[in-house]
Amino acid sequence: MEKEISKAVISRLPRYYRYLGELMEDGVERISSNELSQKMKVTASQIRQDLNNFGGFGQQGYGYNVKYLHTEIAKILGIDRQHNLIIIGAGNLGQALANYANFKKHGFVIKGMFDINPRLIGLVVRGVEIRGVDDLEKFIVENEVQMAALTIPKTKAPEIADRLVKAGIKAIWNFAHVDLVVPDDVVVENVHLSESLMRLSYRASSLQDQKKKEEKKKR
């Protein structure tokens with residue numbers, strides 16, 4: 001039975017990938033876990049533990065080969081292969097995603113965009129034409145689409161998600177403010193922007209409150 005990797009470890013992998021990419025750009029060929037920990041603000045033992053989940057990759061007294069580790073993490077994250085993606089919802093957020101240049105660099109190819117607004121249908125965003133949702137299922141099959149981003153109102157999201165799943169989509173990047181009910185073999189990554197903003201607000205407010213308490217003590 002395969003070992004279950006914790007969400008915390010998985011959430012750190014993209015950061016390792018990004019930092020290793022920056023090190024490669026700077027011409028760094030190898031790095032120790034201690035040096036990497038200073039850059040990432042994660043302890044060296046945590047880095048070793050994280051990477052040991054996948055085989056380790058380091059050598060005692062040598063550290064990590066930056067290019068090799070970068071390549072191996074790309075394989076673990078699945079970004080060493082092409083993922084065909086569609087965007088459902090071609091409003092401001094959908095168009096912003098379509099215009100994000102780094103998608104292709106990481107293996108994500110936007111094959112199509114869909115919307116129900118007749119004023120948007122037919123427009124072209126970064127070389128991708130916006131289509132109506134009538135031929136959604138046919139398009140998914142013909143273009144071997146594996147992933148879909150949902151940037152639509154929460155009232156429409158469950159119905160569209162059902163259609164996506166029935167058409168064979170196995171991964172949904174959900175920006176709609178609703179928890180989707182999907183089969184166990186379909187993965188959903190929720191991106192709730194307002195919740196993220198609330199977490200930021202909490203942290204900022206906590207810091208301000210702490211500062212006020214410290215100032216009171218000084219008086």
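Procedures and definitions
Residues numbered from 1 in each chain as written. Predicted model: local features only at pLDDT ≥ 70, side-chain atom pairs only at ≥ 80, totals over all residues. Heavy atoms only, no water. Helix = DSSP H or I, 4+ residues; strand = E, 2+ residues; numbered from the N terminus. Rg over C-alpha atoms; globule rule 2.2 N^0.38 Å. Contact = heavy atoms within 4.5 Å. Areas by Shrake-Rupley, 256 points an atom, 1.4 Å probe, with all protein chains shown as cover. Pairing = 2+ DSSP bridges. Right-handed = clockwise from strand over helix to strand, strands pointing away. Axes fitted to C-alpha atoms, helices over the stretch in contact; angles between N-to-C directions. Left-handed = near helix turned anticlockwise from the far one by under 90°. Nonpolar A, V, L, I, M, F, W, Y, C, P; charged D, E, K, R; others polar. Polar contact = N/O pair within 3.5 Å; in protein donor to acceptor, adjacent residues only side chain to side chain. Phe/Tyr/Trp six-rings, centres within 6.5 Å; stacked < 30°, edge-to-face > 60°. Buried < 20%, exposed > 50% of the residue type's maximum accessible area, 1.4 Å probe, protein only. Core = buried A, V, L, I, M, F, W, Y, C linked by side-chain atoms within 4.5 Å. Arc of directions from axis to C-beta.

K.L.:
Please clarify how the overall build of the chain should be interpreted in this entry.
P.N.:
Helix and strand counts for the chain stand at nine helices and nine strands. The C-alpha radius of gyration of the chain comes to 21 Å, more than 25% above the 17 Å expected for a compact globule of 219 residues. Once the C-alpha set of the chain is aligned to its principal axes, its extents read approximately 60 × 55 × 40 Å. By sequence separation, contacts in the chain at least 24 residues apart represent 55% of the contacts at least 6 residues apart. Summed over all atoms, the accessible surface of the chain reaches about 14300 Å², with 50% contributed by carbon and sulfur.

K.L.:
Just checking my understanding: could you explain the pairing of strand S7 (residues 147–150) for this structure?
P.N.:
Moving residue by residue along a regular strand, the side chains alternate between the two faces of the sheet. Pairing of strand S3 (residues 83–88) with S7 involves four bridges; the strand directions are parallel. Along S7, the bridge assignment pairs Ile-87 with Ala-149. Here S7 runs beside strand S8 (residues 171–174); their pairing, made up of four bridges, is parallel. Residue pairing in the sheet places Leu-150 in a bridge with Asn-174 of S8. Handedness of the S7-helix H8 (residues 157–166)-S8 crossover: right-handed.

K.L.:
What is the right way to read the packing of helix H1 (residues 7–25) against helix H4 (residues 66–77) from this model?
P.N.:
Two measures define how a pair of helices packs: the angle their axes make with one another and the distance between the axes. Between H1 and H4, the shortest axis-to-axis distance is 9 Å and the interhelical angle comes to 150°. Here H1 runs over H4; the crossing is left-handed. Along its contact with H1, which presents Leu-13, Pro-14, Tyr-16, Tyr-17, Leu-20, Gly-21, Leu-23 and Met-24, the element H4 presents Val-66, Lys-67, Leu-69, His-70, Ile-73, Ala-74, Ile-76 and Leu-77. In terms of residue class, the contact of H1 with H4 is made up of 13 nonpolar, two polar and one charged.

K.L.:
How should I be thinking about the side chain of Arg-12 in this particular structure?
P.N.:
Considering the arrangement of structural elements, one finds Arg-12 in helix H1. In this structure the side chain of Arg-12 is engaged in a polar contact, spanning 2.7 Å, whose partner is the side chain of Asp-50. With near-sequence residues (within four places) excluded, Arg-12 lies in contact with Met-40, Val-42, Gln-46 and Asp-50.

K.L.:
Honestly, the packing of aromatic side chains in this entry has me stumped. Any pointers?
P.N.:
Geometrically, a pair of aromatic rings is defined through the distance of the ring centres and the angle of the planes. For the coordinates displayed, the defined rule picks out five aromatic pairs. With a centroid separation of 5.9 Å and 75° between ring planes, the pair formed by Phe-103 and Trp-173 is classed as edge-to-face. With a gap of 70 residues between them, Phe-103 in helix H6 (residues 102–105) and Trp-173 in strand S8 connect regions that are remote in the sequence. Seen from their ring centres, Phe-114 and Phe-139 are 5.3 Å apart, and the 80° between their planes marks the pair as edge-to-face.

K.L.:
Looking at this model, I keep getting lost on unusual backbone geometry. Mind explaining?
P.N.:
It is generally the case that most residues other than glycine have a negative phi and that most peptide bonds are trans. Although it is not a glycine, Lys-41 sits at a positive phi angle of roughly 60°. Residue position: Lys-41 is located in the loop between helix H2 (33–40) and helix H3 (44–52). Given the relative accessible area of 72%, Lys-41 is considered exposed. The backbone of Glu-144 sits at a positive phi, close to 50°, despite the residue not being glycine. Inspection of the secondary structure puts Glu-144 in the loop between helix H7 (136–142) and S7.

K.L.:
What exactly am I supposed to notice about the nonpolar core here?
P.N.:
Looking at soluble globular proteins, one finds that nonpolar side chains tend to be buried together. Grouped together as the largest cluster of nonpolar side chains are 21 residues, with contacts concentrated most on Ile-86, Ile-88, Ile-140, Leu-150, Leu-164 and Ile-172. Of all the secondary-structure elements, those providing two or more residues to this core are S3, H7, S7 and H8. Beyond its immediate chain neighbours, meaning those up to four positions away, Leu-164 contacts Ile-86, Ile-88, Leu-136, Ile-140, Ala-148, Leu-150, Ile-169 and Ile-172. Ile-47, Phe-57, Tyr-64 and Ile-73 belong to the second-largest nonpolar core, a separate cluster that totals 19 residues.

K.L.:
Explain H8 here, please?
P.N.:
One turn of the α-helix equals 3.6 residues, which is why residues spaced by three or four share an orientation. Listing the buried residues of H8 in full gives Ala-157, Ile-160, Ala-161 and Leu-164. One side of H8 holds all its buried residues, which, seen down the axis, span an arc of 105°. Contacts made by the buried residues of H8 are with S3, H7, S7 and S8. Phi turns positive one or two residues past the end of H8, at Gly-168, with a value near 110°.

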